Amino acid sequence: MGYYFSKTIDMSFGDAIAHVTSALAAKGFGVLTTIDVSATMKAKLGVDFPPYTILGACNPHLAWRALQAENKIGTMLPCNVVVREAGPGKVEVAAVDPVASMSAVENPGLGEVASGVRTLLADLVKQL
């Protein structure tokens, strides 16, 4: 089982961040965190790393359902979406598969929520 969905799009990196953020909003997700991995690697390790950002996406209604089903599931939230430069004018977008990431949690109620989130994120990536 794979642990993510991905697609490469023809777009500048900055435009891709805005496009993915908008696509997430259309599916009911907000971006809670934005981690600029490239800047962090430069600041902490002094190394250059191609543009790479992690968007911590959350659909509040589904997060609420997940937390009601499994009160420690916050250790696996939010859903991460990676936006990374794959070449000139090419950006790869990869979203976590929540069913794969939460498969170790044996809770049917959580599995139902994860399956719904999986559908939303897989559709989002496919439609980019």
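Structural data are supplied above this passage.
Residues numbered from 1 in each chain as written. Predicted model: local features only at pLDDT ≥ 70, side-chain atom pairs only at ≥ 80, totals over all residues. Heavy atoms only, no water.

A. Quick peek at the sheet that holds strand 5 (residues 90-96). Read from one edge of the open sheet, five strands run 1-5-4-3-2, paired in antiparallel fashion. Edge positions in the sheet fall to strand 1 (4-10) and strand 2 (30-36), since each of these pairs with one other strand and no more. Within the sheet, the average angular offset between the axes of one strand and its neighbour, ignoring direction, is 20 degrees. When strand 3 (residues 52-58) meets strand 4 (residues 79-87), the two strands line up antiparallel, connected through six bridges. (Pairing = 2+ DSSP bridges. Helix = DSSP H or I, 4+ residues; strand = E, 2+ residues; numbered from the N terminus. Axes fitted to C-alpha atoms, helices over the stretch in contact; angles between N-to-C directions.)

B. Inspection of empty space enclosed by the protein at higher detail. Applying the stated criterion across every chain, the model contains one cavity of 30 Å³ or more. In this structure, the largest cavity spans a volume of roughly 120 Å³. Looking at the largest cavity, it is lined by 15 residues, and the ones nearest its centre are Leu-62, Ala-63, Leu-77, Cys-79 and Val-117. Of all the elements in the fold, those that place two or more residues in the lining of the largest cavity are strand 3, helix 3 (60-69) and helix 5 (108-127). (1 Å grid on protein atoms, 1.4 Å probe; cavity = no way out; pocket = protein on both sides within 12 Å on 5 of 7 lines; lining within 4 Å. Points joined across faces, edges and corners; volume = space filled by probe spheres on them.)

C. Structural detail: the environment of Ala-63. Residue placement: Ala-63 occurs in helix 3. Distance in space between the C-alpha atoms of Ala-63 and Ser-101 is 15 Å, their sequence separation being 38 residues. Discounting chain neighbours no more than four positions away, the residues touching Ala-63 are Cys-58 and Leu-77. (Contact = heavy atoms within 4.5 Å.)

D. Inspection of the pairing of strand 4 at higher detail. Sheet topology note: the strand 4/strand 5 ladder contains six bridges and is antiparallel. Bridge assignment links Arg-84 to a residue of strand 5, and that residue is Glu-92. Between the end of strand 4 and the start of strand 5, which pair antiparallel, lie two residues, with Gly-89 showing a positive phi angle near 70 degrees.

E. A look at the packing of aromatic side chains. Under the counting rule described, the total for this entry stands at two aromatic pairs. Plain terms: the ring middles of Tyr-3 and Tyr-4 are 4.9 Å apart, the flat faces sit at 75 degrees to each other, and that makes the pair edge-to-face. Accessibility expressed as a relative area gives 58% for Tyr-3, which makes it exposed. On the basis of relative accessible area, Tyr-4 is assigned to the partly exposed category, the value being 43%. (Phe/Tyr/Trp six-rings, centres within 6.5 Å; stacked < 30°, edge-to-face > 60°. Buried < 20%, exposed > 50% of the residue type's maximum accessible area, 1.4 Å probe, protein only.)

F. Expanded view of unusual backbone geometry. Residue Leu-77 is joined to Pro-78 through a cis peptide bond whose omega torsion reads -5 degrees. Mapped onto the elements, Pro-78 comes out in the loop between helix 3 and strand 4.

G. Region of the structure containing the side chain of Asp-97. Tracing the sequence through the fold places Asp-97 in the loop between strand 5 and helix 4 (98-101). A residue is classified by how much of its surface remains accessible, and Asp-97, at 3% relative accessible area, is buried. Looking at Asp-97, its side chain comes within polar contact range of the side chain of Arg-118, at 2.8 Å. Among residues more than four places away in sequence, those in contact with Asp-97 are Gly-2, Tyr-3, Tyr-4, Phe-5 and Arg-118. (Polar contact = N/O pair within 3.5 Å; in protein donor to acceptor, adjacent residues only side chain to side chain.)

H. Up close: helix 3. Taken together, the buried positions of helix 3 are Leu-62, Ala-63 and Ala-66. An end-on view of helix 3 places all buried positions within 100 degrees of arc, on one side of the element. In helix 3, the exposed residues that point more than 90 degrees away from the buried face are Pro-60, His-61, Trp-64 and Gln-68. Next to the buried residues of helix 3 lie strand 3 and helix 5. (Arc of directions from axis to C-beta.)

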